[in-house]
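# Observations on the three-dimensional arrangement
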Amino acid sequence: MATLGDIGVSALINILTAFAFLLAFALLRIQPVNDRVYFPKWYINGARSSPRRSRNFVGKFVNLDFTTYLTFLNWMPQAMKMSETEIINHAGLDSAIFLRIYTLGLKIFVPMTIVALLVLIPVNVSSGTLFFLRKELVVSDIDKLSISNVRPASIRFFVHIGLEYLFTIWICYMLYKEYDIVASMRLRFLASQPRRAEQFTVVVRNIPHASSHSLSETLDHFFQKNHPDHYLCHQAVYNANKFAKLVRKRDRLRNWLDYNQLRFERHQEKRPTTKIGFLGLWGEKVDAIEYYNQQIKAFEKKMSLERQKILKDSKSTLPVAFVSFKSRWGAAVCAQTQQSRNPTLWLTNWAPEPRDIYWRNLAIPFVSLTIRKLIISIAVFALVFFYMIPIAFVQSLANLEGLERVAPFLRPVIELKFIKSFLQGFLPGLALKIFLYILPTILMIMSKIEGHIAFSNLERRTSAKYYYFMLVNVFLGSIVTGTAFEQLHSFLHQPPTQIPRTIGVSIPMKATFFITYIMVDGWAGIAGEILRLKPLVIFHLKNMFLVKTERDRERAMDPGSMDFPETIPSLQLYFLLGIVYAVITPILLPFILVFFALAYLVYRHQIINVYNQRYESAGAFWPHVHSRITASLLISQLLLLGLLSTKKAANSTPLLVVLPILTLAFHKYCKNRFEPAFRKYPIEEAVAKDLQDRTTEPEINLKAYLADAYLHPIFQTFEEEELVEVRVDKSQVCAASHATSELSSPSPSHSHSHPQSQSQSQTHQYVYHPSSPPQQHHHVYDPSSPPHQHVYDPTYPHDYIFPPSSPPSHYTYHYGS
């Protein structure tokens, strides 16, 4: 059992580690060579240029302005300057609401910490010294500050019960207030948004097959009949795995072509060559530019044939479509109502925004989704169960006395004072963190297999799985396995009536382990997040060995988005630990407060300068956060109830029975009051936005605006001479020929977002992601097509296309004759 000295050693190690990380970050961030690693979001927005361009050779790598080293900690006040409204405009509502989780933690735990330390610790310390337990059970000084130190049947338990009521009321009040604020923020955000494709579009699944009609004809007939005044158009979905593979291979060839063309531009006296054998290591040496041009043409012919096959083969058409309406009201009615007397057909839901779509899962047959979810549920259960084995081993390290009984030959090494303090105070939390490192990736793969069609849904489902895992393995598993090792000797040498008491006491005794885990994960881990050591190393390795063109350099800089599937469940675990131990072992609360304060500062900086969210769900994850914090309240109440039952507190324990009932009633009220704002779109809001559109833009061509909003990214590779196959006809916009398809291995960089608001003139506004060099984009405009029916063939077709906050510049336009 870790002592106060062990906790002190762990705190010292983690404080020094966190300080070293923060110091290293403060120095590395001001070096020109690292600028793209620590400020990538500003490069993406076009508001920052490389500081290496106007410097001498040494100045390109090292900051020679020594005055900046005197103010290297100014990133902290800078991270706090941007207001919440500015963060929403800069990074989106999801990012702003994510930060509010940390401020909610501070609002909840600061008053609780003050009250608990001033009231509970004196009550616990003055009660006794755990004299009622058997000598075989090892205790520490931490336990003397907890409820374990209160004698059985003591009247002091009324203080703990009273504070449990007080803390529950305070947490419920803060949760209600925050839910109200976040729901209002969401509605205001949606009301303030410009016209967006997803506001007019629903995704329709399980479309019945009619042998005498094509899917497009079936869709038109059904919606013209049942939504005659509001149905506008549809876009079918195609399965195009092979085509996507050809696109990726063609892209790689184009990248090599760009590289060799740049080499030739720099050294025109010698044309570049390559070997046509395996990986260019052997074989005949040929002119590289001509070779890659020929290979690209060959692949484009294959792509053309494959595209023809996809468009003409009825088997490639999936029973899924994106259906658009003339108004938001029409889309809201369709998305939120049952379309057929058979509830398993014509299933409608709001379409994700175009860049949020996980195209690959659109090809999954609807009938297999239930089977997939069942299989994954079983797999998640098995994963949670078998992960208990390494978790149990990790927990055994938290009690070296128990380890010595199992492996007495280790005693000479373990008894060394520093080794003992290090193992008990630092290693258990670090080992657990390592075990959990690969878990989110595994759970994300499972969520993809389940068949969700949006990245936001995938991340929320992964987050739920990770939370359940953390709850069972990290929290409950730590208590159970810790009990097995710590109490083995006592279980074998005490009467059965003593066992429930020993298990009850073990709950507060695990506080020492959780304190070490908080320091490793929540202190040093958060400081490591801002250092970005892994992205820093990867960027420089790519820059050194893989970057051949400017586009490669921009892709190497890609910061990704906030890791919601891992960060939000970890946050919820800290809420759980704080709420559970607030009454049982209040000395844990200050460690929680340090985490929330440091994490808020770090993630504020990361959201402003680093992460670039690939979708905007308008805070759709908040109901899950609220529900799990409420669940933490229930768990804390039940654990306290079980603990007091082992303390012969028969007079006071019944007072806690009503508390879980009141908490469940509070949760049900909040669910009915606020959750609909996150699940449905109010008709009142839809009508108001439609009236506003008709007033401000009475002649908007909505067909043209929605025509290619959900066109799959791989179909943006059409060449000008092939437009006849996919061009949308003026009289029938969004017909089946303007279809979407499945991408074999979609990724964040393969998403497509339709411009949010455009006029009907020939002046088109495009926004771009820097991973494609501006000079390589050539957009082809055909006056015969309806406005905005632009089809382009960029050198690298699968880059981000960002909202209008990015600068619409650096494009070369070629107008057709």
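The preceding data block contains the structure.
Let us look at the structure shown here. Because the structure is predicted, anything quoted here is derived from the model rather than measured. (Residues numbered from 1 in each chain as written. Predicted model: local features only at pLDDT ≥ 70, side-chain atom pairs only at ≥ 80, totals over all residues. Heavy atoms only, no water.)

Right, let's get into the overall build of the protein. For the protein, the count of helices and strands is 32 helices and ten strands. Scored against the burial criterion, the 817 residues of the protein give a buried share of 57%. Contacts spanning at least 24 positions in sequence make up 84% of the contacts within the protein whose residues lie at least 6 apart. (Helix = DSSP H or I, 4+ residues; strand = E, 2+ residues; numbered from the N terminus. Buried < 20%, exposed > 50% of the residue type's maximum accessible area, 1.4 Å probe, protein only. Contact = heavy atoms within 4.5 Å.)

Across the interface, helix H22 (residues 511-531) lies against helix H26 (residues 589-609) with an axial gap of 9 Å and an inter-helix angle of 15°. Comparing their axes, H26 and H22 come out roughly parallel. The handedness of the crossing between H22 and H26 comes out as left-handed. Between H22 and H26, the contacting residues are Ile515, Ile518, Met519, Gly522, Trp523, Ile526, Glu529 and Ile530 on the first element and Phe591, Ile592, Val594, Phe595, Leu598, Ala599, Val602, Tyr603, His605 and Gln606 on the second. Residue classes in the contact of H22 with H26 are distributed as 14 nonpolar, three polar and one charged. (Axes fitted to C-alpha atoms, helices over the stretch in contact; angles between N-to-C directions. Parallel < 35°, antiparallel > 145°, perpendicular 65-115°, else oblique. Left-handed = near helix turned anticlockwise from the far one by under 90°. Nonpolar A, V, L, I, M, F, W, Y, C, P; charged D, E, K, R; others polar.)

Moving on, we get to the nonpolar core. If you look at the biggest cluster of nonpolar residues, it comprises 135 residues, and the most contacted ones within it are Phe98, Phe109, Phe475 and Tyr581. Setting aside chain neighbours within four positions, we find phenylalanine 475 in contact with Met470, Phe514, Leu573, Leu576, Leu577, Val580, Tyr581, Ile635 and Leu639. Residues Leu219, Val323, Ala331 and Ala686 belong to the second largest nonpolar core, which totals 34 residues. (Core = buried A, V, L, I, M, F, W, Y, C linked by side-chain atoms within 4.5 Å.)

Bringing helix H25 (residues 564-584) into the picture now. Between the first and last C-alpha of H25 there are 30 Å, a value that for 21 residues agrees with the 30 Å anticipated at 1.5 Å per step. Within H25, 21 of the 21 residues are buried, leaving the element largely enclosed by the surrounding structure. (Expected span 1.5 Å × (residues − 1).)

Our next topic: the pattern of salt bridges. This model, assessed by the stated rule, comprises 18 salt bridges. Arginine 328 is the salt-bridge partner of aspartate 690, the closest N and O atoms lying 3.3 Å from each other. Taken together, the residues span a long stretch of sequence, with aspartate 690 in helix H30 (residues 683-696) and arginine 328 in helix H11 (residues 328-335) at a distance of 362 residues. You can call aspartate 690 buried: its relative accessible area is 6%. What makes arginine 328 buried here is its relative accessible area of 0%. Sharing partners across several salt bridges, the network here consists of Arg195, Arg328, Asp690, Asp693 and Glu697. (Salt bridge = Lys/Arg side-chain N within 4 Å of Asp/Glu carboxyl O.)

With that settled, the discussion passes to the environment of serine 148. Within the secondary structure layout, serine 148 lies in the loop between helix H6 (93-125) and helix H7 (157-192). Its relative accessible area of 1% is what places serine 148 among the buried residues. In this structure the C-alpha to C-alpha distance between serine 148 and threonine 585, which are 437 residues apart in sequence, comes to 8.6 Å.

Within the secondary structure, glutamate 675 sits in the loop between helix H28 (658-674) and helix H29 (676-679). Within the structure, glutamate 675 has its side chain in polar contact with the side chain of lysine 671 (distance 3.2 Å). Setting aside anything within four residues of it in sequence, one finds glutamate 675 in contact with Tyr179, Pro623 and Cys670. (Polar contact = N/O pair within 3.5 Å; in protein donor to acceptor, adjacent residues only side chain to side chain.)

Moving on, we come to the packing of H6 against helix H27 (residues 622-645). The contact between H6 and H27 brings their axes to 11 Å, and the two run at 20°. Regarding the angle of H6 to H27, the classification is roughly parallel. The two elements H6 and H27 cross, and the hand of that crossing is right-handed. For the pair H6 and H27, the contacting residues are Ile97, Ile101 and Leu104 in the first and Trp622, Val625 and Ile629 in the second. For the contact of H6 with H27, the class distribution of residues is six nonpolar, no polar and no charged.

It is generally the case that most residues other than glycine have a negative phi and that most peptide bonds are trans. With a phi angle near 60°, asparagine 206 is a residue other than glycine that sits in the positive phi range. Tracing the sequence through the fold places asparagine 206 in the loop between strand S1 (201-205) and helix H8 (215-226). Owing to a relative accessible area of 16%, asparagine 206 belongs among the buried residues under this scheme.

For the coordinates displayed, the defined rule picks out 35 aromatic pairs. On the basis of an interplanar angle of 80° and a centroid distance of 6.2 Å, the ring pair of phenylalanine 223 and phenylalanine 325 is categorised as edge-to-face. With phenylalanine 223 in helix H8 and phenylalanine 325 in strand S5 (residues 317-325), the pair connects residues that are 102 residues apart, well separated along the chain. Judged by relative accessible area, phenylalanine 223 falls into the buried class, the value being 0%. Of the residues examined, phenylalanine 325 reaches a relative accessible area of 0% and is grouped as buried. Relative to phenylalanine 455, the ring of tyrosine 358 has its centre 5.5 Å away and its plane inclined at 70°; by these criteria the two rings are edge-to-face. Here phenylalanine 455 lies in helix H19 (residues 455-486) and tyrosine 358 lies in the loop between strand S6 (347-350) and helix H12 (367-386), a separation of 97 residues in the sequence. Just as tyrosine 358 is buried, phenylalanine 455 falls in that class too. Aromatic ring contacts, followed pair by pair, group Phe98, Tyr102, Phe109, Phe564, Tyr574, Phe575, Phe595, Phe596, Tyr603 and Phe621 into a single cluster. Against the face of phenylalanine 299 rests lysine 302, its NZ or CZ located 5.1 Å from the ring centre. (Phe/Tyr/Trp six-rings, centres within 6.5 Å; stacked < 30°, edge-to-face > 60°. Lys NZ or Arg CZ within 6 Å of the ring centre and 35° of its normal.)

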